[in-house]
Amino acid sequence: MPPDPPPYAQFERLLALALPGLLAVACFIVIAPFAAALLWAAVIVVSVWRPLEWLTARLGGRRGLVGVLLTLAALAVIVGPAVALGDAAVSAIPELRAMADDLGAAARTHGPALLAQLPVVGERAAAAWSAMVEDVGPLVEAAGKVAPEVGAWLARQTLALGLTMLQLLLVCLASGVMYARGPAGAQLVQRLAERIGGADGIETLEVAVRAIRAVSAGVVGTAAVQAVLAWLGFALAGVPAPFALAIGVLVLGIVQIGPLPVWVPVVVWMFATSENTLANILLLIWSAGVVQTVDNVLRPLLISRSARLPLLLMLVGVLGGLISMGLIGVFLGPTILGVGYVLLRRWLGLEPIPSAPSASG
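Residues numbered from 1 in each chain as written. Predicted model: local features only at pLDDT ≥ 70, side-chain atom pairs only at ≥ 80, totals over all residues. Heavy atoms only, no water.

Topic: the overall build of the protein chain
Thinking step 1. Secondary structure assignment for the protein chain yields 13 helices and 0 strands.
Thinking step 2. Along the chain direction, N to C, the helices and strands of the protein chain fall in the order α-α-α-α-α-α-α-α-α-α-α-α-α.
Thinking step 3. Look at the contacts in the protein chain between residues 6 or more apart in sequence, and 70% of them connect residues 24 or more apart.
Thinking step 4. Here the protein chain has roughly 21500 Å² of accessible surface; of this, 73% comes from carbon and sulfur atoms. (Helix = DSSP H or I, 4+ residues; strand = E, 2+ residues; numbered from the N terminus. Contact = heavy atoms within 4.5 Å. Areas by Shrake-Rupley, 256 points an atom, 1.4 Å probe, with all protein chains shown as cover.)

Shown next as structure tokens:
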């Protein structure tokens, strides 16, 4: 008959199980304030891994030097435009305000005449428009009531902007360090995926990498192309503050709203204030036919070629991630759906998705 275990043996087993869990919770608490910055750094490194590997090979394998160059490039690409956007926004405020005043004047003078031409409801719509434009007293009173709340909101946003700049600096530094330690980190992640899921774990890791690269190419790349095209059209048409407006197109493209809220008021302003009818028509054609529609061709092409996953799955992941997790969800959403899609196919016994280079490739 085996001897009875010591009375404290069960306690030791429970303690051996609890300590790793407590350690994991403690690590999460320590990392939590920097989690968003580290996620962004990981997204950047995964997205540009292949070009960085090419550059490392040309520089004799000096990964530390390339990590420093990546940090400097990230500062130039991330922090630089943020500062430039602030400067452009401040300098563009008078011009944008003048554009808004011109639109308001056009609404008061031309709005009723245009509405009166509508069938059935034209006269009533014109009368309602005129009354709304002329009777601005209640609107001014309402604006006075909400002014303190707006001021408090602006103060909170100023504080949040300072914290955001600190986060951006951390993202830039972490990106360089992550790449400099890239092979060791990639080996650790691959080993962890293999220990958890075997071959399935390696496949899901590759799917996650492809999803991140696909979103970087499809969403951010398409938004950047739209911003450049919008800036070109605005600059050639003589629109004030074309750079600030192009940055607005870039941001709205990344968050999946699209450039429509930027170029429509600009085109309306051009028709209301400019006598160059040809330039106005060309700007309308360029904005509606090129800037607005280029994403319908470019985004599916880039995403489908990079991710090797259903395009609808990727688009739903982008939108759902943005709504549920904010801007980082643009990358995490399709990654999560892609991994879930692969696991579902495995569970159903379907053919695996065509393989891709390893996570570090």
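Following the structure, the description resumes.
Re a nonpolar patch on the surface
Thinking step 1. On the surface, a nonpolar cluster with roughly 550 Å² of combined accessible area is contributed by Phe271, Leu278, Ile281, Leu282, Leu284 and Ile285.
Thinking step 2. Counting residues per element, the nonpolar patch draws most heavily on helix α10 (residues 277–291), which supplies 5 residues.
Thinking step 3. Secondary-structure assignment places leucine 284 in helix α10.
Thinking step 4. With a relative accessible area of 33%, leucine 284 lands in the partly exposed category. (Patch = residues over 30% accessible without salt bridge, like charges linked within 9 Å, V, L, I, M, F, W, Y side chains within 5 Å. Salt bridge = Lys/Arg side-chain N within 4 Å of Asp/Glu carboxyl O. Buried < 20%, exposed > 50% of the residue type's maximum accessible area, 1.4 Å probe, protein only.)

Regarding the environment of valine 228
Thinking step 1. Relative to the assigned elements, valine 228 resides in helix α7 (residues 182–237).
Thinking step 2. Valine 228 gets classed as exposed once you look at its relative accessible area, which sits at 53%.
Thinking step 3. Linking valine 228 and valine 291, residues 63 residues apart in sequence, is a C-alpha distance of 9.0 Å.

Points about the packing of α7 against helix α8 (residues 242–254)
Thinking step 1. Here α7 crosses α8 at 155°, and the two axes come no closer than 8 Å. One element, α7, and the other, α8, form an angle in the roughly antiparallel class. The crossing of α7 and α8 is right-handed. Across the interface between the two elements, Val219, Ala223, Ala224, Gln226, Ala227, Ala230, Trp231, Phe234 and Ala235 of α7 pack against Pro242, Phe243, Leu245, Ala246, Val249, Leu250, Gly253 and Ile254 of α8. (Axes fitted to C-alpha atoms, helices over the stretch in contact; angles between N-to-C directions. Parallel < 35°, antiparallel > 145°, perpendicular 65-115°, else oblique. Left-handed = near helix turned anticlockwise from the far one by under 90°.)

Here's the deal with the packing of helix α12 (residues 311–325) against helix α13 (residues 329–348)
Thinking step 1. Across the interface, α12 lies against α13 with an axial gap of 6 Å and an inter-helix angle of 130°. It follows that α12 is oblique to α13 by the angle criterion. As α12 runs across α13, the sense of the crossing is right-handed. Where α12 abuts α13, its residues Leu313, Met314, Val316, Gly317, Val318, Gly321, Leu322 and Met325 lie against Gly329, Val330, Leu332, Gly333, Pro334, Ile336, Leu337, Gly338 and Tyr341.
Thinking step 2. Of the residues in the contact of α12 with α13, the class split is 12 nonpolar, 5 polar and no charged. (Nonpolar A, V, L, I, M, F, W, Y, C, P; charged D, E, K, R; others polar.)

Description of the nonpolar core
Thinking step 1. Val215, Met314, Val330 and Phe331 are the most contacted members of the largest nonpolar core, which totals 18 residues.
Thinking step 2. Breaking this core down by element, the ones donating at least two residues are α2 (35–47), α7, α12 and α13.
Thinking step 3. Here this core gets 7 residues from one element, more than from any other, and that element is α7.
Thinking step 4. Residues contacting phenylalanine 331, with those up to four places away along its chain left out, are Trp40, Val43, Ile212, Val215, Ser216 and Val220.
Thinking step 5. Grouped together as the second largest cluster of nonpolar side chains are 17 residues, Ala227, Leu229, Leu245 and Leu283 included. (Core = buried A, V, L, I, M, F, W, Y, C linked by side-chain atoms within 4.5 Å.)

Some words on the confidence of the model for the protein chain
Thinking step 1. Overall, the prediction assigns the protein chain a mean pLDDT of 74, with 68% of residues at 70 or greater.
Thinking step 2. Averaged pLDDT values over the elements of the protein chain bottom out at 64 in helix α6 (residues 137–180) and peak at 88 in α10.
Thinking step 3. For residues 356–361, every residue scores under 50 in pLDDT, and the model assigns this stretch 19 contacts once sequence neighbours within four places are set aside. (pLDDT = per-residue confidence, 0-100.)

Focus on α13
Thinking step 1. In a regular helix each residue adds 1.5 Å, so 20 residues correspond to 28 Å; α13 covers 27 Å between its end C-alpha atoms and thus fits that length.
Thinking step 2. When we look at burial in α13, the residues that qualify are Gly329, Val330, Phe331, Gly333, Pro334, Thr335, Gly338 and Val342.
Thinking step 3. Lining the buried residues of α13 we find α2, α7, α8 and α12.
Thinking step 4. Positive phi appears at glycine 349, one or two residues downstream of α13, with a value of about 75°. (Expected span 1.5 Å × (residues − 1).)

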